[in-house]
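# Residue-level structural notes
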Amino acid sequence: FNKYSKVGNRRGYTAFDVARKILDRNGLYNVQIERVSGNLTDHFDPKTNVVRLSDSTYSSTSVAAIGVAAHEVGHAVQHAEKYMPIKLRNSIVPIVQFSSYLAWPLVLIGILVGAPNLASFGVILFTFVVAFQLVTLPVEFNASSRAIKTLDEQLILDEDEVKMSKKVLSAAAMTYVAAAAVAIGNLLRLLVISGRSNRD
């Protein structure tokens with residue numbers, strides 16, 4: 001992002017311009033765009049139907065910022081089209097928020113007090129965290145795919161600029177792959193720890 005945030009697009013569009021253009025072309029006139037403080041805090045809020053672009057993105061003309069904005073709009077389009085993975089992800093968010101806080105403490109307390117069922121319940125809770133990370137992958141990859149296709153087909157960016165935006169979004173996607181790998185690794189750790197405790 002830092003590399004391509006220094007490369008402005010030739011048409012002079014801001015990230016806000018591009019986000020509004022794509023939303024309108026998809027008939028999503030009701031989706032608002034707001035500025036949010038921070039760096040790369042961009043996101044789509046399905047509860048309020050708002051795309052929020054960060055300070056580093058909102059008024060930037062860089063190919064990096066435009067790629068990010070198009071990606072977030074991709075989530076708004078997914079939501080409008082009732083794209084199944086995003087519906088599934090949104091439906092398990094409350095469970096995941098609960099599970100992520102309680103899983104490890106329950107496993108550790110279960111081991112310390114000799115309650116294998118409590119430890120096993122903690123492991124089960126953590127599987128929701130892993131499920132969330134896994135279902136996030138198609139959601140994020142699809143939003144990026146939509147973004148790149150739109151930037152190219154609607155001639156928002158030139159061909160070489162599209163390639164730069166794609167590099168930014170591909171790098172961002174790898175962070176979700178890494179998060180999923182870490183979650184799976186932690187689940188395996190929990191299984192090993194609770195398994196040893198049960199044998200003891």
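Look up: the structure comes first, before these words.
These figures come from a predicted structure and were not determined experimentally. (Residues numbered from 1 in each chain as written. Predicted model: local features only at pLDDT ≥ 70, side-chain atom pairs only at ≥ 80, totals over all residues. Heavy atoms only, no water.)

Along the chain, Asp24 turns up in helix H1 (residues 15-25). By relative accessible area, Asp24 is classed as partly exposed at 26%. Between the alpha carbons of Asp24 and Gly12 there is a distance of 19 Å; along the sequence they are 12 residues apart. (Helix = DSSP H or I, 4+ residues; strand = E, 2+ residues; numbered from the N terminus. Buried < 20%, exposed > 50% of the residue type's maximum accessible area, 1.4 Å probe, protein only.)

Next up on the list: a nonpolar patch on the surface. On the surface, a cluster of nonpolar side chains totalling about 330 Å² of accessible area is made up of Ile95, Phe121, Ile124 and Phe128. Looking at the nonpolar patch, the element that brings in the most residues is helix H4 (residues 116-153), giving 3 residues. Note on placement: Phe121 falls in helix H4. Accessibility expressed as a relative area gives 41% for Phe121, which makes it partly exposed. (Patch = residues over 30% accessible without salt bridge, like charges linked within 9 Å, V, L, I, M, F, W, Y side chains within 5 Å. Areas by Shrake-Rupley, 256 points an atom, 1.4 Å probe, with all protein chains shown as cover. Salt bridge = Lys/Arg side-chain N within 4 Å of Asp/Glu carboxyl O.)

As for its position among the elements, Ala147 is in helix H4. Separated by 81 residues in the primary sequence, Ala147 and Ile66 place their C-alpha atoms 9.3 Å from one another. Not counting residues within four places of it along the chain, the set of residues in contact with Ala147 comprises Gly67, Ala70, His71 and Leu169. (Contact = heavy atoms within 4.5 Å.)

On to the side chain of Gln133, then. Within the element layout of this structure, Gln133 appears in helix H4. We classify Gln133 as buried; its relative accessible area is 19%. With residues up to four places along the chain from it excluded, the contact list for Gln133 reads Ala179, Ala180 and Ala183.

Opposite charge on two side chains lets them pair, provided their charged atoms get close. With the rule as written, the count across this model stands at 10 salt bridges. Residues Asp158 and Arg10 are paired through a salt bridge, measuring 3.1 Å at the closest nitrogen-oxygen approach. With Asp158 in the loop between H4 and helix H5 (159-199) and Arg10 in the segment before H1, this residue pair connects regions lying 148 residues apart in the sequence. Take Asp158: its relative accessible area is 23%, and that puts it in the partly exposed class. With a closest N to O distance of 3.1 Å, Glu81 and Arg146 form a salt bridge. Of the two residues, Glu81 is situated in the loop between helix H2 (63-80) and helix H3 (84-112) and Arg146 in helix H4; the sequence distance between them amounts to 65 residues. Three or more residues are tied together by salt bridges with common partners; here these are Arg10, Arg11, Asp158, Asp160 and Glu161.

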